[in-house]
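Structural characterization, general
Below are the chains, spelled out letter by letter.
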Amino acid sequence: DGGITQSPKYLFRKEGQNVTLSCEQNLNHDAMYWYRQDPGQGLRLIYYSQIVNDFQKGDIAEGYSVSREKKESFPLTVTSAQKNPTAFYLCASSRGQGTDTQYFGPGTRLTVL
Amino acid sequence: SQQGEEDPQALSIQEGENATMNCSYKTSINNLQWYRQNSGRGLVHLILIRSNEREKHSGRLRVTLDTSKKSSSLLITASRAADTASYFCATVSPDRGSTLGRLYFGRGTQLTVWP
């Protein structure tokens with residue numbers, strides 16, 4: 001099965017804790033992205049990576065960190081510095097040409113208790 | 001803002017009717033894409049229209065692009081209850097200092113199709 005997977009589907013965190021969201025793809029895509037979606041809102045870009053060992057901040061990077069050690073994997077850490085982390089997080093990938101279609105994972109819903 | 005804005009925010013129709021959603025944007029684009037999202041799920045790509053194209057079809061979907069008005073429309077013909085979802089337009093513009101184009105999403109149109 002080719003595709004992009006995210007885990008876990010639901011995640012609960014206490015205030016002050018860091019959590020890491022997993023994103024894996026086996027589409028052989030160079031580019032990967034993390035978005036945040038709040039209720040009734042569109043997607044906002046957190047971080048993106050064009051190639052292994054390289055990534056750039058998106059529009060709302062504060063309080064988040066990423067790594068891209070492998071082509072297949074782009075984990076997102078939500079740190080305690082993120083003031084309002086409760087949201088739906090979506091990972092996506094594309095071939096790497098900037099105009100390409102993006103393929104999305106099923107999402108992780110993070111709730112801070 | 002570079003993001004697209006969909007109109008209307010919500011649309012409710014009966015099965016068999018056509019659904020039209022509009023998207024407006026503010027800057028020049030490389031292409032415009034439409035995505036669908038079922039509740040609580042990831043987005044699924046529907047169709048991509050390039051800046052030099054005016055109309056594109058895919059099954060029951062018809063997309064138009066008017067770059068002079070910076071607007072696009074998505075028409076779903078003969079709608080079905082299974083078409084119920086949120087529909088987003090996303091514009092692609094070159095990122096500053098990077099060759100990677102960015103996708104800028106609007107807030108979406110929530111379509112409800114009643115049986």
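Refer to the structure printed above.
Residues numbered from 1 in each chain as written. Chains lettered and ligands numbered in written order. Predicted model: local features only at pLDDT ≥ 70, side-chain atom pairs only at ≥ 80, totals over all residues. Heavy atoms only, no water.

Among the nonpolar cores identified, the biggest contains 21 residues, and Met21, Leu32, Trp34, Leu74, Ile76, Tyr87 and Leu111 of chain B are the most heavily contacted of them. Mapped by element, the contributors of at least two residues to this core are strand E2 (10-14), strand E3 (19-24), strand E4 (31-37), strand E5 (43-50), strand E7 (61-66), strand E8 (71-76), strand E9 (85-94) and strand E11 (109-114) of chain B. (Core = buried A, V, L, I, M, F, W, Y, C linked by side-chain atoms within 4.5 Å. Buried < 20%, exposed > 50% of the residue type's maximum accessible area, 1.4 Å probe, protein only. Helix = DSSP H or I, 4+ residues; strand = E, 2+ residues; numbered from the N terminus.)

Here the structure, examined in full by the defined rule, presents nine aromatic pairs over all chains. With 5.6 Å between their ring centres and 85° between their planes, Tyr35 of chain A and Phe105 of chain B make a pair best called edge-to-face. Of the two residues, Tyr35 of chain A sits in strand E4 (residues 31-37) while Phe105 of chain B sits in strand E10 (residues 101-105), which places them in two different chains. For the pair shown, Tyr35 of chain A and Phe105 of chain B are each scored as buried. Taking the centre distance of 5.9 Å and the plane angle of 80° together, the rings of Tyr47 of chain A and Phe55 of chain A count as edge-to-face. With relative accessibility at 36%, the residue Phe55 of chain A sits in the partly exposed group. Three or more aromatic residues link up through ring pairs in this structure, and these residues are Tyr33, Tyr35, Tyr48 and Phe104 of chain A together with Tyr35 and Phe105 of chain B. (Phe/Tyr/Trp six-rings, centres within 6.5 Å; stacked < 30°, edge-to-face > 60°.)

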